[in-house]
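# Coordinate inspection notes
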Amino acid sequence: MKPGLALFLTGLSGAGKSTLASALGDRITAATGRPVTLLDGDAVRAYLSSELGFTREHRDLNVRRIGFVAAEVARHGGITICAAIAPYAAARAEVRHGVARFGNFVEVHVSTALSVCESRDVKGLYAKARAGMLSHFTGIDDPYEVPVDAELSIDTAHVSPDQAVDRLMAWLQHRDFL
Ligand SMILES: Nc1ncnc2c1ncn2[C@@H]1O[C@H](COP(=O)(O)OP(=O)(O)OP(=O)(O)O)[C@@H](O)[C@H]1O
Ligand SMILES: [Mg+2]
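Residues numbered from 1 in each chain as written. Chains lettered and ligands numbered in written order. Predicted model: local features only at pLDDT ≥ 70, side-chain atom pairs only at ≥ 80, totals over all residues. Heavy atoms only, no water.

## Comments concerning the sheet that holds strand 3 (residues 79-83)
Strand order in this open sheet of 5 strands is 2-3-1-4-5, and the pairing throughout is parallel. Unpaired on one side and paired on the other, strand 2 (36-40) and strand 5 (152-154) mark the two borders of the sheet. Ignoring which end each strand starts from, the neighbouring axes of this sheet average 20° apart. In terms of strand pairing, strand 2 meets strand 3 through 5 bridges, oriented parallel. The residue of strand 3 that forms the bridge with D40 is A83. Packing of helix 1 (residues 17-32) onto the sheet brings it into contact with strand 1 (4-10), strand 2, strand 3, strand 4 (103-110) and strand 5, and relative to strand 3 it is tilted by some 165°. Contacts from helix 7 (residues 161-174) reach strand 1, strand 4 and strand 5 within the one sheet, and its direction differs from that of strand 5 by about 170°. (Pairing = 2+ DSSP bridges. Helix = DSSP H or I, 4+ residues; strand = E, 2+ residues; numbered from the N terminus. Axes fitted to C-alpha atoms, helices over the stretch in contact; angles between N-to-C directions. Contact = heavy atoms within 4.5 Å.)

In structure tokens form, the structure reads like this:
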């Protein structure tokens, strides 16, 4: 049996994490028959972390919970794709070490620039943050620590979702991670 795998997509709101996570999950299952568990930031905040806010402490706790689930799935040989802003490097490193005990961990920096994310403003949150109606918004008045140890970096301003998924699949297949 192949070892477990966690793909951890981090980046600003609107960078394309959920879009890529969902397309990549479908592609992995189509190619391998292996099921993929999506741990998307919005779903995790709704179902596992609904009591948490956006202080550093709460953001880190949210990311740790995602990491715990990803490690448990990896322990049994499963695949997760996590899609969370995860702005702090230390919390991302904790997830990396937690998963690496049981399987492969791949950090993907969805590196789409703030200006592009803001112009997309899929959820209307950048407008609210700029208007002062929302505080602690990553990239506006809250930090994002750019990953220095990501295995892959994808800027969705320059590649389509399909191209991004092609690149991720090629990378994973080359390493025999699927
Ligand atoms: N090449 C691309 N890859 C991914 N998304 C793209 C691309 N080009 C345009 N988009 C669009 O950018 C938006 C990205 O939104 P998405 O919800 O995936 O971001 P997110 O990183 O999950 O944000 P959040 O942290 O708020 O959940 C979508 O509307 C998507 O259609
Ligand atoms: Mg998302």
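Still more to cover.
## Brief notes about the nonpolar core
Membership of the largest hydrophobic core comes to 30 residues, with the highest contact counts inside it found for L7, I28 and L172. Listed by contribution, the elements that provide at least two residues to this core are strand 1, helix 1, strand 3, strand 4, helix 6 (125-130), strand 5 and helix 7. Setting aside its immediate chain neighbours within four residues, I28 contacts L7, G33, V36, I79, I81, M169, L172 and L178. If you look at the next biggest cluster of nonpolar residues, it comprises 16 residues, including L39, V44, V95 and V99. (Core = buried A, V, L, I, M, F, W, Y, C linked by side-chain atoms within 4.5 Å. Buried < 20%, exposed > 50% of the residue type's maximum accessible area, 1.4 Å probe, protein only.)

## Remarks on the site of ligand 1
Taken together, 17 residues lie around ligand 1, and S13, K17, T19, K123 and V159 are the ones closest in. Here K17 contributes a side-chain N or O atom positioned 2.7 Å from an oxygen atom of ligand 1. Within the backbone of P161, an N or O atom sits 3.3 Å from a nitrogen atom of ligand 1. Contact with the protein chains covers 78% of the free accessible surface of ligand 1, which is 640 Å². Looking at the shell around ligand 1 element by element, the count peaks at 4 residues for helix 1. Here the residues of the shell around ligand 1 sort into 7 nonpolar, 7 polar and 3 charged. (Near = heavy atom within 4 Å. Polar contact = N/O pair within 3.5 Å; in protein donor to acceptor, adjacent residues only side chain to side chain. Areas by Shrake-Rupley, 256 points an atom, 1.4 Å probe, with all protein chains shown as cover. Nonpolar A, V, L, I, M, F, W, Y, C, P; charged D, E, K, R; others polar.)

## Overview of the environment of L172
In this structure, L172 sits in helix 7. Measuring from C-alpha to C-alpha, the distance between L172 and E118 comes to 30 Å, with 54 residues separating the pair along the chain. Discounting residues that sit within four places of it in the chain, L172 has contacts with L5, L7, I28, V106, F177 and L178.

## Structural notes on the side chain of R45
With respect to the element layout, R45 can be found in helix 2 (residues 41-47). For the buried residue R45, which engages in no salt bridge, the nearest side chain bearing the opposite charge is D42, 6.9 Å off. From its side chain, R45 meets the backbone oxygen of L52 in a polar contact 3.3 Å long. Residues in contact with R45, not counting those within four places in the same chain, are S50, L52, G53, F54, R59 and N62. (Lys, Arg positive; Asp, Glu negative; His and termini not counted. Salt bridge = Lys/Arg side-chain N within 4 Å of Asp/Glu carboxyl O.)

## Looking at the environment of E72
Relative to the helices and strands, E72 is located in helix 3 (residues 56-75). Of the residues examined, E72 reaches a relative accessible area of 25% and is grouped as partly exposed. Taking C-alpha positions, E72 is 16 Å from V44, a pair spaced 28 residues apart along the chain. In terms of polar contacts, E72 uses its side chain to reach the side chain of R75, at 2.9 Å.

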